[in-house]
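Commentary on secondary and tertiary structure
Below are the chains, spelled out letter by letter.
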Amino acid sequence: MKMTKEIIERIEGEATLELEWENEQVSFAKIKFFNYRGIEEILKKRPLLDALALTPRVCGICSHSHAIASVLAIEECYKSAGEALHITQKAKDIREIALNAEKIHNHIKWYFFTILPELKRVGDTTYAGNAFKDKQWFQAQSAVMQSLKMGAHFTGQWPHGSFVMAGGVTCDPLKSDLISAQGCLDAVIAFCEEHFYGMPLEEFLSFDSALQVMSSPSALSYGIDEMIKHGFDRLGRSFDRFLALGESYRYEGSLKASKTTVLGADIKYVHESLQHTFFEDKHKGYTYSKSAMYKRNYCEVGPLARLMVSKDALMRDFHRRFKDAALTRVVARAVECAHLLWRTKVLIDHINLKEPSLIPPKKDIHSLSGSGIGVIEAPRGSLIHSVVVHQGLIESYDIITPTVWNLGNGDKQNPSTAQKALIGLNSFTKADFILKSFDVCSVCTTQ
Amino acid sequence: MSHKYSIIWLQGLTCNGNSHSFLNYTHMPSFAASFDMLYHPLWCGAEDFMSLLNSDVTFDFLILEGALSHDERLIQRFNLPFYEILDTLAARAKYIICAGSCASFGGVFRLRDPEKITGALFSGKEKGGYWLEKNNIINISGCPVHPRWLVETLVALHHGEKVLLDEFLRPKEVFSYLAHHGCLRNEYFEWKVDSKQLGEREGCLFYEHGCLGPMSHANCNKILWNDISSKTRAGSPCLGCTEFDFPRRALYETQKNMSLPQTPFGISKRAYYSLAGVAKSFKIERLEKKLIDEND
Ligand code: SF4
């Protein structure tokens, strides 16, 4: 049996993709992540609030997401110890704005810095590209910056801002801050209208057919054409099974979907497996990435999952045509970005600055014992922080990142979501692109 | 115009935060006009990494991001032990720039195994990191590094200027300042008015909330982050992320000695506590009130 081993570059971190081939087709794939850093271990025995400072350092591209998941877990600890904290709507809105800034920037960065050049590479394997010579790259970089600046009005800085605390948020913005933030957001919207979607945001958001998106010249329709040209409208399909455990303004509670059937989900069915990791077996293991399953099933998480469980009309139309192919996955990020731009504009417009930013807990944190789970929808999907605290010190801290859901390793009988999407492909170049369609973050995975 | 300077960006044990922070540089086209990014792990650079590694080209800057280790079980890149790559490239670089606290001192990830995981020249505060000696290293600490600290250091070197460094090999133009300088809460600090609780514009975070601004070297509150804000402006304490001992324990609590906080950097206990005593003995009504009182 033929085996190949290739490095996956230009993702967050680095991965090795080992492919098994039969009759010129991928028969199995192993996705390997190295360079483990051990944040969960580092947190042990530290004061609980240190998690707010250290967990953002899990990942440079989704540091706000980790901060928010962490504060939710800490607030649940208070609840388990008998004190349910009241978080004002203002604090909730600010957390959501921060998270949206991170998601919006992530999706723009990923589409313009990763997907577009990678598509060129699929068309011409000798294509090298050079970001510093590409005008659109600079325009996208500027939009990315504006998106993060918008968020930094509330979070102080990105990456690694500190702005959450048990009981709310630490910032107390003025009306003038909101006006300035809105200005930054408008600049991002202008970039997306001109380059990403090729039309006004409102028009894009009113669509319910893939054809409408494809009819207007834009970076997105260019990408769709290229993907169809290379067969990514059929390739990269997986189980067509989705999960969104964190909350969103577009749906109620935690949900899962099998194709287009949407049902309630419960975090208690989440199971973390150490199969094939160095943690389970130092010698036989081959990756530092754990795997996460829902009721022992692998599910896809991320923008596509969120749009599928929220029954988004436009995504459903893409899905009807292309199922959960790589193309659908890529388009989902662009569509989600549009919704988030709109939503964030509304949030900034409506935030009630009169409410307190934070209502401090009554219980002294040094005597806090209990446990809590924080779940949010990070840019790449459901992110879970789970902590046990004893007398104010962390007993254990466990993090399940989105990449662990999508890019874990199962076995031949029960492959993971990404493995399933790779099986049957006939070239490494395509496998490389399909892996990237999941927006791989090896950094998060090897926390 | 002088010729372009070339950069290779290499990652050790990292969260990628310094790369993403660099991407927040406001004048990127101007930077790109003077520099060639031969290789960066996250986006398309001018060259293929393996050909660079196997060639004998010399280049101007090796930017290191992340903590370093000689132990190949802890870190590898391109299926090679990390030290092979680092040693090869370091030998051909004119300057080695440590971007962030991990590459400078070991940072967060050093805590897992301080014997084996270190910064380039330092392990925490001790000399002797990945290398014992090397005379072309500049540390630009911070978790993450500020894009301007990095870019402005590179540009100064490109202009052939001498960059003055402090005892931890950090550029003095950035690290002679303290995070405290320019914080909007300075007046509360002067008059010892504590922030009663987080989430408010008023009060200083030094007395109860663990702010390390007065002992952390960085110009955060001078140049601001993302061109707009900073931790203390967003109501959170400075975490001391530019210092060799980042992250300290209990970052949201003020470490006290006989109920007195630590003194600011370079200020004697006698000077600080006498002044603090006097300041505290006055009750400044304006500072006890809300900054903006809607009922006034
Ligand atoms: S909050 Fe921190 S940085 Fe600001 S004045 Fe107080 S001590 Fe200084």
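Residues numbered from 1 in each chain as written. Chains lettered and ligands numbered in written order. Predicted model: local features only at pLDDT ≥ 70, side-chain atom pairs only at ≥ 80, totals over all residues. Heavy atoms only, no water.

**Regarding the overall build of chain B**
Along the backbone of chain B there are 12 helices and 11 strands. For a compact globule of 296 residues, the expected C-alpha radius of gyration is about 19 Å, and chain B comes in at 21 Å, within 12% of that figure. The burial tally for chain B puts 59% of its 296 residues in the buried class. Within chain B, contacts between residues separated by at least 24 positions form 70% of all contacts whose residues are at least 6 apart in sequence. Here chain B has roughly 12,500 Å² of accessible surface; of this, 52% comes from carbon and sulfur atoms. For chain B, the distance from the average position of its 32 positive side-chain charges to the average position of its 34 negative side-chain charges is 5 Å. (Helix = DSSP H or I, 4+ residues; strand = E, 2+ residues; numbered from the N terminus. Rg over C-alpha atoms; globule rule 2.2 N^0.38 Å. Buried < 20%, exposed > 50% of the residue type's maximum accessible area, 1.4 Å probe, protein only. Contact = heavy atoms within 4.5 Å. Areas by Shrake-Rupley, 256 points an atom, 1.4 Å probe, with all protein chains shown as cover. Lys, Arg positive; Asp, Glu negative; His and termini not counted. Charge placed at Lys NZ, Arg CZ, Asp CG, Glu CD.)

**Digging into the confidence of the model for chain B**
Of the residues in chain B, 99% reach a pLDDT of 70 or more, and the chain-wide mean stands at 95. ipTM for the predicted complex: 0.97, alongside a pTM of 0.97. (pLDDT = per-residue confidence, 0-100.)

**Here's the deal with the pattern of salt bridges**
Following the criterion strictly, the structure yields 39 salt bridges over all chains and no others. The salt bridge involving Arg306(A) is made with Glu377(A); its shortest N-O contact spans 2.8 Å. Of the two residues, Arg306(A) is situated in helix α10 (residues 303-309) and Glu377(A) in strand β11 (residues 370-378); the sequence distance between them amounts to 71 residues. Just as Arg306(A) is buried, Glu377(A) falls in that class too. A salt bridge links Asp166(B) to Arg170(B), with the nearest nitrogen and oxygen atoms 3.0 Å apart. (Salt bridge = Lys/Arg side-chain N within 4 Å of Asp/Glu carboxyl O.)

**Considering the pairing of strand β12 (residues 381-390) of chain A**
Residues and elements named next belong to chain A. Counted residue by residue, β12 has 7 buried out of 10 residues, so it is predominantly covered. Strand direction decides the pairing type here: β11 and β12, joined by 9 bridges, are antiparallel. Paired with Ala378 across the two strands is Gly381, which belongs to β12. Where β11 folds back onto β12 in an antiparallel hairpin, the turn is made up of 2 residues. As defined by bridge partners, β12 adjoins strand β13 (residues 393-400) across 7 bridges and the pair is classed as antiparallel. Bridge assignment links Ser386 to a residue of β13, and that residue is Asp398. (Pairing = 2+ DSSP bridges.)

**Overview of the nonpolar core**
In a soluble, globular protein the nonpolar side chains are often hidden away together inside. One finds Ile108(A), Tyr197(A) and Leu62(B) to be the most contacted residues of the largest nonpolar core, which totals 235 residues. Discounting residues that sit within four places of it in the chain, Tyr197(A) has contacts with Cys192(A), Phe204(A), Ser216(A), Ser218(A), Leu220(A), Ala334(A), Cys337(A) and Ala338(A). Ranked by size, the runner-up nonpolar core spans 12 residues in total, among them Ala265(A), Val270(A), Ile384(A) and Val404(A). (Core = buried A, V, L, I, M, F, W, Y, C linked by side-chain atoms within 4.5 Å.)

**So, the site of the ligand**
In the vicinity of the ligand, the contacting residues are His180(B), Cys183(B), Arg185(B), Asn186(B), Phe189(B), Cys204(B), Leu205(B), Phe206(B), Cys211(B), Gly213(B), Pro214(B) and Thr232(B). Across the shell around the ligand, the residue classes tally to 7 nonpolar, 4 polar and 1 charged. (Near = heavy atom within 4 Å. Nonpolar A, V, L, I, M, F, W, Y, C, P; charged D, E, K, R; others polar.)

**Some details on unusual backbone geometry**
Most peptide bonds are trans, and most residues other than glycine sit at a negative phi. Note the cis peptide between Cys143(B) and Pro144(B), where omega equals 5°. Examined against the element boundaries, Pro144(B) turns out to sit in the loop between β9 (137-140) and α7 (147-158). Going from Phe246(B) to Pro247(B), the amide bond is cis rather than trans, its omega being -5°. Of note in the backbone geometry, Glu24(A) takes a positive phi value of approximately 65° without being a glycine. By the secondary structure assignment, Glu24(A) is in the loop between β2 (13-22) and β3 (25-32). Phi at Ala250(B) is positive, roughly 55°, even though this residue is not glycine.

**A few points about the packing of helix α4 (residues 89-123) of chain A against helix α5 (residues 135-155) of chain A**
Residue and element names in this part refer to chain A. Where α4 meets α5, the axes come as close as 9 Å, and the angle between the chain directions of the two elements is 170°. Regarding the angle of α4 to α5, the classification is roughly antiparallel. Across the interface between the two elements, Ile94, Ile97, Ala98, Ala101, Ile104, His105, Ile108, Lys109, Phe112, Phe113 and Leu116 from α4 touch Gln136, Trp137, Ala140, Gln141, Ala143, Val144, Ser147, Leu148, Met150, Gly151, Phe154 and Thr155 from α5. For the contact of α4 with α5, the per-class residue count stands at 16 nonpolar, 6 polar and 1 charged. (Axes fitted to C-alpha atoms, helices over the stretch in contact; angles between N-to-C directions. Parallel < 35°, antiparallel > 145°, perpendicular 65-115°, else oblique.)

**Details of the sheet that holds β13(A)**
Residues and elements named next belong to chain A. Here 3 strands make up an open sheet; going across it, the order is β11-β12-β13 and the pairing antiparallel. Two strands close off the open sheet at either side, each with one partner strand: β11 and β13. Strand-to-strand, the axes of this sheet are offset by a mean angle of 15°, without reference to chain direction. Seen against the sheet, helix α3 (residues 63-80) touches β11, β12 and β13 and runs at an angle of roughly 150° to β11.

**Remarks on the packing of aromatic side chains**
Residue and element names in this part refer to chain A. Counted by the stated rule, this structure contains 43 aromatic pairs over all chains. Between the aromatic rings of Phe112 and Phe191, the centroid separation amounts to 5.1 Å while the plane-to-plane angle is 65°, which identifies the pairing as edge-to-face. Linking Phe112 in helix α4 with Phe191 in helix α6 (residues 175-197), this pair joins segments that are 79 residues apart in sequence. Overall, the relative accessible area of 5% leaves Phe112 in the buried class. Exposure remark for Phe191: the relative accessible area of 7% places this residue in the buried category. Sitting over the ring of Tyr269, Lys295 keeps its end group 4.3 Å from the ring centre. The residue whose ring lies beneath Arg333 is Trp110, and the NZ or CZ to ring-centre distance is 4.7 Å. (Phe/Tyr/Trp six-rings, centres within 6.5 Å; stacked < 30°, edge-to-face > 60°. Lys NZ or Arg CZ within 6 Å of the ring centre and 35° of its normal.)

**With respect to the environment of Phe246(B)**
As for its position among the elements, Phe246(B) is in the loop between α10 (220-223) and β10 (256-257). As for Phe246(B) and Gln11(B), which are separated by 235 residues in sequence, their C-alpha atoms are 19 Å apart. For Phe246(B), the residues in contact, after removing those within four places along its chain, are Arg57(A), Gly107(B), Val108(B), Cys143(B), Leu239(B), Gly240(B) and Cys241(B).

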